[in-house]
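# Tertiary structure, described
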Amino acid sequence: MAGNVKVIVSKKNLEFTPDGHSGSGYDLNIKDENEFDVIVVNESDKFASFQIELSTPGLDENNQIKWYRVQPEICAKKPPGSQTTFHVEITKVPIPAYDTTIDLILKVISVEYEQLYTSQKLRLTIKKPLRTLRLELPVKELKAKPQELIEIPVIVYNLSSKFSEITLTCAGLDPDWLLYDPDWLNQKTQRTFILEPGDVQKTRFLCQPPQDTLSKEYTFTITAQSSTSQYTTREQGSLKVIPDGVVQCICEDKEKTIPGKGRKNSHLATYELLFNNSSNLPQQVKVDIPEIKIEKCTFQTIPECINLVPGEAKTMQLLAKKKRHLFGFRKTLLFEVSTSLIHPSSGKPSTEIFPSPNTQILTLKVLPIIPFFLQFLGGSILFLMLILYFLIPKAYHTGNVNSVRLFGNGNLVFSGSSDQTIRRWQVDDNPFLLNIFRLKHKQPLIAGKNQTQKAVRVIRQSPKDNDRIAVGLENGEVKLWDISKNTEIKSLSNDKDNRVFDLVFTQNGRYLFSGHGSGLVNIWDLERIKYIQNPLPQGYVNVKFTISGLTINETVQNNPLIFVAGQFNQFVVWDWNNKNKYELKYLWQDWEKRGDKPVFGQQHYITSLATSGDILASSDNQGYITLWSIKEIYKCLKTSQPLSSQNKQNPVLQTSRRRRNINRDINQVSPKTNQINSFAITSCNNAIMDQKNDGHGNQPVRSVALTEDGNYLATGGDDGKIMLWDLTANKEQNKSLNTGQIVAKSNAKINSVDIKALQGYLLITSGDDNYNVNLYRVNENKDNDRSK
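Treat the numbers as computed from the prediction; the structure is a model and nothing was measured. (Residues numbered from 1 in each chain as written. Predicted model: local features only at pLDDT ≥ 70, side-chain atom pairs only at ≥ 80, totals over all residues. Heavy atoms only, no water.)

### What to know about the overall build of the protein chain
The helix and strand inventory of the protein chain stands at 6 helices and 57 strands. Here the protein chain, with 788 residues, has 47% of them falling under the buried criterion. Taking the intrachain contacts of the protein chain between residues at least 6 apart in sequence as the baseline, contacts between residues at least 24 apart amount to 62%. Total accessible area computed for the protein chain in this model is approximately 40100 Å², and 47% of it derives from carbon and sulfur atoms. (Helix = DSSP H or I, 4+ residues; strand = E, 2+ residues; numbered from the N terminus. Buried < 20%, exposed > 50% of the residue type's maximum accessible area, 1.4 Å probe, protein only. Contact = heavy atoms within 4.5 Å. Areas by Shrake-Rupley, 256 points an atom, 1.4 Å probe, with all protein chains shown as cover.)

This is how it looks when you write it as C-alpha cells:
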C-alpha cells in the first residue's frame, strides 16, 4: 500500500553544525540547514492520520535521546485526497560523528493502517562543532537564607570527537561557603571528570552561606577547561542572600514606680530597652506609644532612634514623666510600647525584618506626695469617712476592655479586661431613670486578679448553660466559669504563653473551640473532660498564622464549619467533622482603585468574625468590612484543590513538655490522631456579597457582631466610632452595607462590640481603651440612647 501515500520533501540534503542551533549566538549565519518540510498526501480511499519517523544506520534502537523534532507529531485524520504538512528540525547529532555525511531514512506511516506507509532517503552532513566544550547553568539566579544549603546545578557538553578530561571551577563566592560533596570525592570548589565524545555531564556545587551573611546579591563564575583544547568557557550566575532574622526587643524591668529609689527626679521613671539586631540587614529602631497614653503621661526616648548593624546590640532609655498628686491613692498606668523598624538608607518601613516582640506592656505606678497613712492621720474619723466615700474609686475596670457580651434576653452585660478582671453589669430598662443609670454593677466582680492572674482577652457564654462562660487569657489558658457562684469550674491549657484570641461554642454547648496566637485551634469536648483533672484537647488544627478571629456556622446539618482568620489577612475554613481544611483567598475588591498590590504582609490582620444564618461578617485592620454568603462558600469548598503533602500539618498533637512530675488521672483523655486534609479555594469571588472600607475612615475595625436574625451588624474600630448597619435596607438586592449610621463616637479605640435585637429596639454594648463598658439603645426610628 506504499503507493497510496505520496510524500513531497522540501529538502533532501541537510546540514547540521553541533552547537550552532542552541541559541548561543556563536554563528548567526546558520539558518534552516537543519530544517525541512514534508508534505504527505493521502491517496488511499480511507480516512487516516499519519506520523513521521527518522532513523539512520548504526543508531541504537533503544537510544532514548531525541535528536529531532516534528510538528505536528501526529496529524488529525484526513479524508482521501487531502494533504498534511509536517515541519522537521534536526536538533542533535544522531551519532557521535563530525565532518561526515550520513544517510537518513524518512518513514511516513499511518496510525490506523499498517499497510499505508512510504519512505524516502535523505542525506545529512554533520559539520565540525563551532566549539568543543559547552557549559550551561540551568538556574542563574539563586536565592537562599543564611545557613540554607542550596545546589548550584551545572551541565557540561563535550562537543569534540575525543575523550576529554573536564575541570570545572566555581569562583567568586567565599570558599568557606562551598561544602565538600561526598558524591564527588569530597571536592569543594572543583569538579574533575571524563566525558565521552558527544556526552553530557550534570553536576553541582554545594553552597551554604553562614548565619552572619549580609543580605545582598553575590555573583559567581563557573569555568570549564578541557584537556583536549585550550578553549575555556565560563558562565556567570548570582546568589541572592534574602533577609532573615529579627530584632530582639528586651525590657528586663517592665514595672516602675514614681518616685523611684533615692527620691531623685520624683516625677520621672526610666525604662531600659535593649535592642539586639539578630538579622542580616542594618536596621533603624524607633519606639512608638499610642497617643491616648501620651495624654495620660509624658514620654521621651533617648536617643529618639538607634541604628544597628547586623549582630549589634544597643540600649535606649524611655523616660516616663507623670505629675504626682498631693492627695489620693497609688495609680497604676499600663501603656503599650511598640517597636518599628526602618531601613537606614531609604527611610522606609522594614517589610523583611520584624521586631520580636512587636509590642510590650509597661507598668507605671504613681504614688501621691503625701502617703496615705499620713492622710488618714490628718483628719477626723468622720471627715475621713466622707473623704473616703468620695475619693475611693468605683470598682470599675482599670485596664483596656477587650471583650463584652450581651447575655440572655439582653438584661446582663459581661466584660473582660487587661486589668485581669471579669465584671457583670445590669441593664436597667426603667424609663424613669436617667441614661447614666441604665448600666450598673450587679454583683460586679465575677473574677479578680488573684483568680485569673492574666489579662482577659475574650469571654463567651455557653448556649446550653446560661450560668457558664468560657474565658480566654493572655497566657494561653481557657477557664470555664460559673457566673452564678463566681467560681472557676475547669482550667483548660495545652500550651502556656500561647495567647487565646477567640473562643466559640457549638450550639449544643458540648464543644468549645479556642484560637491561639501560635495558629492552633483546639477542640475541647466539655462532656468528656468533665471529671479529668488536667484535660487535653480532643483535636486541633494548625492554620500556621496568628489567629485574631474565630466563629462557627451550623446552618448545614451534620456539617458545621469553623471560620478562622488572622495575620497576613489569611482566611481558613475548617470542616472539623470531615477533617478538611480549606484556605479561602481574601481580597480587597477595590485594590486596583487603591493602587495597592493584593499582597498581604505581617502587619495585615483580619481582626474579627461573626456569623448568623447564611451571613458571615469579617473586618480587618485596613478598615474593610466584608459580608460573605455561607451558601456560596459551601459551593466553593466542592471546587477546591488539594495542597501538596509538604503543606499538611503533623497529624499528632504533642503534649506540652512543661507538664512534668504530674500524676495523671487513669481516665486522662489523650488527643486522637488528627490528620487534616488541606485544600486551596482558588476562586470564590461570588461569596462576597458586599465590602466597604469608608465606614471607619480606613482605620482598623476591631470587632463585628450580628443579630441572631442577621438583619443588623454592629462594628467598632480605632476611630472610636460604633457603627450600626441595616443589612436589609435594600430589599431588591442581597444583604449589603449600603446603610450605616454612627451610634456613638469617642476618643478611645473600640476593642469589642456585641448586639442583640429585642422588641422594637436594638441593644449595642462596647468596650474600649478608656476602660469603659458602654451600652447604647437604638429604636425603630434609629434614635439612640447611651448608658455607661
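There is more to say, and it comes next.
### Topic: the environment of V773
Mapped onto the elements of the fold, V773 is located in strand 56 (residues 773-779). Its relative accessible area of 3% is what places V773 among the buried residues. With 370 residues separating them along the chain, V773 and S403 place their C-alpha atoms 9.4 Å apart.

### A few points about the packing of aromatic side chains
Both the distance between ring centres and the angle between the ring planes are used here to describe each pair of aromatic rings. The final tally for this structure, using the stated rule, is 14 aromatic pairs. Residues F407 and F414 carry aromatic rings whose centres are separated by 4.4 Å and whose planes lie at 35 degrees to one another, so their mutual orientation is tilted. For the pair formed by F407 and F414, the shared burial category is buried. These aromatic residues form a ring-pair network of at least three members: Y511, F513, W574 and W576. If you follow K46 out to its NZ or CZ, it ends over the ring of Y113, 4.6 Å from the centre. R777 extends its terminal NZ or CZ atom over the ring of Y761, reaching a point 4.8 Å from the ring centre. (Phe/Tyr/Trp six-rings, centres within 6.5 Å; stacked < 30°, edge-to-face > 60°. Lys NZ or Arg CZ within 6 Å of the ring centre and 35° of its normal.)

### Focus: the pairing of strand 3 (residues 35-42)
Sheet topology places strand 1 (residues 5-9) next to strand 3; 5 bridges connect them, and they run antiparallel. In the sheet register, V9 faces strand 3, and the bridge partner there is V38. (Pairing = 2+ DSSP bridges.)

### Remarks on the nonpolar core
F36, V38, F50, F86 and L106 are the most contacted members of the largest nonpolar core, which has 29 residues in total. The element best represented in this core is strand 7 (residues 100-110), accounting for 4 residues. Excluding its chain neighbours within four sequence positions, the residues that come into contact with F50 are V5, V40, N42, E73, I74, C75, F86, V108, I109, S110 and L116. (Core = buried A, V, L, I, M, F, W, Y, C linked by side-chain atoms within 4.5 Å.)

### Structural notes on the pairing of strand 21 (residues 283-288)
With 4 bridges connecting them, strand 21 and strand 23 (residues 305-308) associate as antiparallel partners. By the bridge assignment for strand 23, V285 is matched with I306. Sheet topology note: the strand 21/strand 25 (residues 331-342) ladder contains 5 bridges and is antiparallel. Directly across from V285, in strand 25, lies its bridge partner L341.

### Observations regarding the sheet that holds strand 23
In spatial order, the strands read 19-27-25-21-23; together these 5 strands make up an open sheet with mixed pairing. Single-partner strands in this sheet number two, and they are strand 19 (255-258) and strand 23. Strand-to-strand, the axes of this sheet are offset by a mean angle of 25 degrees, without reference to chain direction. Relative to strand 27 (residues 359-366), strand 25 is paired through 8 bridges, and the arrangement is antiparallel. Residue pairing across strands places L333 opposite L364, the latter belonging to strand 27. (Axes fitted to C-alpha atoms, helices over the stretch in contact; angles between N-to-C directions.)

### Focus on the side chain of S612
Among the structural elements, S612 can be located in strand 44 (residues 606-612). Judged by relative accessible area, S612 falls into the buried class, the value being 9%. At 3.0 Å, the side chain of S612 forms a polar contact with the backbone oxygen of T707. Within the structure, the side chain of S612 is placed 2.6 Å from the backbone oxygen of E708, a separation counted as a polar contact. What S612 contacts, discounting residues up to four positions off in sequence, is L706, T707, E708, D709 and G710. (Polar contact = N/O pair within 3.5 Å; in protein donor to acceptor, adjacent residues only side chain to side chain.)

### Some points on helix 6 (residues 630-638)
All of the buried residues along helix 6 are I630, I633, Y634, C636 and L637. Down the axis of helix 6, the sector holding all buried residues measures 160 degrees, keeping them to one side. Looking at helix 6, the residues exposed on the side facing more than 90 degrees away from the buried face are K631, K635 and K638. (Arc of directions from axis to C-beta.)

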